[in-house]
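A structural walkthrough
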Amino acid sequence: MIKAKDIYKNFGELEVLSGVSFEVQQGEAISIIGPSGSGKSTLLRSLIGLEEINSGELYIEGISVKESGKKAYEKMGMVFQGFNLFPHKTVLGNLMEAPVIVKGEKKAKAEAKSETLLKKVGLSDKKDSYPAQLSGGQKQRVAIARALAMEPDIMLFDEPTSSLDPELVGEVLTVIRDLAEENITMLIVTHEMGFARDVSDRVFFMDHGKIISDTVPEKIFVNPESERIQSFLTKILSQN
Amino acid sequence: MFDYIINVSGYILEGSIVTFQLYFVTAIFSVIVGIAGALGKISKIPLLESILSLYTWIFRGTPLLLQLFFAYYGLPVLGITLQPFPAAALTFIINYGAYFTEIFRGGIESIDEGQYEAAKVLGMNYRQTMSRIVIPQTVKRVLPATSNEAINLVKDSALVAVIGLGDLLRSAKVAVTRDFSIVPFIIAAVFYLIISSVIVTVFRKLEEKYSVYE
Ligand SMILES: Nc1ncnc2c1ncn2[C@@H]1O[C@H](COP(=O)(O)OP(=O)(O)OP(=O)(O)O)[C@@H](O)[C@H]1O
Ligand SMILES: [Mg+2]
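Each residue is numbered by its place in its chain's sequence as written, counting from 1. To read the labels, note that chains go from A and ligands from 1, taken in the order they are written. Given that the model is predicted, a residue must reach a pLDDT of at least 70 before its local features are reported, and side-chain atom pairs must reach 80 or more before they are shown or counted; all residues, however, enter totals for whole chains, interfaces and linings. Side-chain descriptors were evaluated using all non-hydrogen atoms of the structure, hydrogens and water having been removed beforehand.

Things to note about the sheet that holds strand 4 (residues 55-60) of chain A
Residue and element names in this part refer to chain A. DSSP-based pairing: two strands are paired if at least 2 bridges between them are found. Going along the chain from the N terminus, every DSSP run of H or I of four or more residues is numbered as a helix, and every run of E of two or more is numbered as a strand. The 4 strands lie next to each other as 2-1-4-5, forming an open sheet whose pairing is antiparallel. In this open sheet, the two strands that pair with only one neighbour each are strand 2 (14-24) and strand 5 (63-64). Sheet topology note: the strand 1 (residues 2-11)/strand 4 ladder contains 5 bridges and is antiparallel. Bridge assignment links isoleucine 2 to a residue of strand 4, and that residue is isoleucine 60.

Focus on the domain arrangement of chain A
Residues and elements named next belong to chain A. Each domain's limits were defined by an automated method or a database of domain assignments. If you check the domain split of chain A, you get domain 1 (2-75 + 154-239) and domain 2 (85-152). A separation of 25 Å is found between the C-alpha centroids of domain 1 and domain 2. Throughout, a residue-residue contact means that at least one pair of heavy atoms, one from each residue, lies within 4.5 Å. Each partner contributes residues to the interface: domain 1 has 14 residues there, and domain 2 has 12 residues. For the pairing of domain 1 and domain 2, the buried interface totals around 1000 Å² over both sides, and the portion due to carbon and sulfur atoms is 72%. Whenever Lys or Arg places a side-chain nitrogen within 4 Å of a carboxyl oxygen from Asp or Glu, that contact is recorded as a salt bridge. Taken together, the connections running from domain 1 to domain 2 amount to 2 salt bridges. For lysine 120, the salt bridge identified is with glutamate 182, shortest N-O distance 3.0 Å. A 3.5 Å cut-off defines polar contacts: any pair of N or O atoms within that distance qualifies, except that in protein one atom must be a possible hydrogen donor and the other a possible acceptor, and neighbouring residues in sequence count only when both atoms are side-chain atoms. Taken together, the links from domain 1 to domain 2 amount to 4 residue pairs in polar contact (both at pLDDT 80 or more). Taken together, the elements giving at least two residues each to the side of domain 1 that touches domain 2 come down to strand 7 (154-158) and helix 7 (166-181). Each residue is assigned to one of three groups, with Ala, Val, Leu, Ile, Met, Phe, Trp, Tyr, Cys and Pro labelled nonpolar, Asp, Glu, Lys and Arg labelled charged, and all others, Gly among them, labelled polar. The residue inventory of the side of domain 1 that touches domain 2, partitioned by class, reads 11 nonpolar, no polar and 3 charged. When two components associate, each loses some accessible surface as probed by a 1.4 Å sphere; the sum of these losses over both components is called the buried area.

Description of the pairing of strand 9 (residues 202-207) of chain A
Residue and element names in this part refer to chain A. Counting buried positions along strand 9 yields 6 of 6 residues, so the element is predominantly enclosed. Bridging between strand 3 (residues 29-33) and strand 9 involves 4 bridges; their strand directions are parallel. Each bridged residue has a counterpart across the sheet, and for isoleucine 33 the counterpart in strand 9 is phenylalanine 205. With 5 bridges joining them, strand 9 and strand 10 (residues 210-215) adopt antiparallel strand pairing. Exposure classes here rest on a 1.4 Å probe applied to the protein chains alone. A residue is buried below 20% of its type maximum, exposed above 50%, and partly exposed in between.

Focus on the sheet that holds strand 8 (residues 185-189) of chain A
Residue and element names in this part refer to chain A. Taken in spatial order, the 6 strands make up an open sheet running 6-7-8-3-9-10, and their pairing is mixed. Among the strands making up the open sheet, the edge pair consists of strand 6 (76-79) and strand 10. On average, each strand axis in the sheet is tilted by 20° relative to the strand beside it, whichever way the strands run. Summarising the sheet, strand 3 and strand 8 pair through 4 bridges and their orientation is parallel. Looking at strand 8, one finds that serine 31 is bridged to isoleucine 188. A fitted line through C-alpha atoms represents every axis, and for helices the fit uses only the stretch in contact; the resulting angles, taken between N-to-C directions, go from 0 to 180 degrees. Contacts from helix 7 reach strand 7 and strand 8, with the element oriented near 145° to strand 8. Strand contacts of helix 10 (residues 227-239): strand 3, strand 9 and strand 10, with the helix running at about 100° to strand 9, the strand carrying the most contacts.

A word on the site of ligand 1
Residues and elements named next belong to chain A. Near, as used in this document, describes a residue that has one of its heavy atoms within 4 Å of the molecule or strand being considered. Close to ligand 1 lie 13 residues; Ser36, Gly37, Lys40, Ser41 and Thr42 are nearest. Contacts to ligand 1 include serine 41, whose side-chain N or O atom sits 2.7 Å from an oxygen atom. Using a 1.4 Å probe, accessible areas were evaluated by the Shrake-Rupley method; residue-level cover was limited to the displayed protein chains. Protein chains shield 59% of the accessible area of ligand 1, which is 630 Å² for the free molecule. At the level of elements, strand 2 and helix 1 (40-47) are the ones that each hand at least two residues to the shell around ligand 1. If one sorts the elements of the shell around ligand 1 by residue count, helix 1 sits on top with 3 residues. Here the residues of the shell around ligand 1 are counted per class, giving 4 nonpolar, 7 polar and 2 charged.

A look at the nonpolar core
Residue and element names in this part refer to chain B. Working definition of a nonpolar core: buried Ala, Val, Leu, Ile, Met, Phe, Trp, Tyr and Cys residues. They are joined through side-chain atoms within 4.5 Å. Counting residues in hydrophobic clusters, the biggest one holds 41 residues, and the most contacted among them are Ile12, Ala88, Phe92, Val160, Leu168 and Ile199. Contributions of two or more residues to this core are made by helix 1 (2-41), helix 3 (64-74), helix 4 (84-109), helix 6 (126-156), helix 7 (168-179) and helix 8 (183-210). Setting aside anything within four residues of it in sequence, one finds valine 160 in contact with Leu22, Leu68, Ala88, Phe92, Leu165 and Asp167.

Points about the UniProt feature "domain: ABC transmembrane type-1" (unreviewed entry) in chain B
UniProt annotation of "domain: ABC transmembrane type-1" (unreviewed entry) refers to residues 16-204 of chain B when read in the numbering used here. What you have in residues 16-204 of chain B is 81% helix and 0% strand, and the ends, taken at the C-alpha atoms, are 24 Å apart. UniProt positions are given in the numbering used here, feature names are shortened, and annotations may be inferred rather than shown by experiment.

Dropping the structure here:
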């Protein structure tokens, strides 16, 4: 589904990804954890073309990003920490925009699909609201539905709950958990360790631009193989 | 007295036709210049950016009256002679275009980077992103500054009287000299106030319309 081989990425002098390689199979849910600045966001952003990699190879569903560029990204959706909803459009408008404008879907069809998605994230009654009228948790659920409206095979989440008040985290995680059960392929950067442990098939631990551990959650949380991971987990769990 | 007021008002109203023509020609074309200039300024094409910076620097940094004199009295020296109205319209379009370039550029740049990223990951191209996501949000943000310019333009339009265009103010002045009465100036002031108030109202309605989403 996704194959990354020896990805390097610099910002000027700063090397942020230092040879990242991994494979993700159809239907897998992957959590990416690691200290701040280790390159987690940069990795997700590189996968979907928001950052250009300096070297390495990237295949999305067998399509080489180098050779076919934009086409490879079409299969992916992304959800941001800061939601990035379109403030001048209603909730329904946010969902319908890309299917109608990019894919050329008929409005009626896009609307029906959008309403189904809103129901799924529990926001049917908010379809005519503007983003400014929603809580953070509701905004993020709209953002997830908006990404799903393009019918992606792969969803990328970059700290989807980090800017939410604690009491709103649960409703967003529930939606993501439901997606995991539908076998959508997912990569989730998160600091929610309990969630990572529950939903992921595998956990990537990143440090200094490398994936230093790629293993099942039981292993990493119960029996971390390195000092580095252990100290990170101790620190983050004591914060929560 | 009443008859005199009606009479002079009619005379000044005739002059205001030129004012209205200049107003609408300038408003339409300077906004177009401003949009093009703003897109050029954010284009990240260095040469284009430099040229546009020079343009806004000159036209925002020198008096409009000087620019008007330059177009009407200066260009003939170089062999280009313009009639008063084209000279005035050209000067106003270029001058206001420079202000709108900076206002619109500021508006576009105030849109969060996340909007571009969200549009991109949804598959939108540059044109779709600008026309559907960025520009509509920019319109709302630049409305107050645009409203100011729209009112300034009403007042600046009176400058054309100095190159002999028979506009609202010039008609008033002619009547004052002819009749040795101050009334025409008062009538002119009332006209300007009415025009400004209409413009303020229009922009307030627009701002209300755009405020639904925040
Ligand atoms: N556009 C950029 N220009 C320059 N440096 C950048 C840019 N984006 C990220 N960086 C740097 O790259 C490094 C990795 O950043 P990244 O955002 O990928 O880390 P992260 O693992 O997501 O961290 P966090 O947990 O804080 O979100 C950091 O040192 C960051 O300052
Ligand atoms: Mg990050």
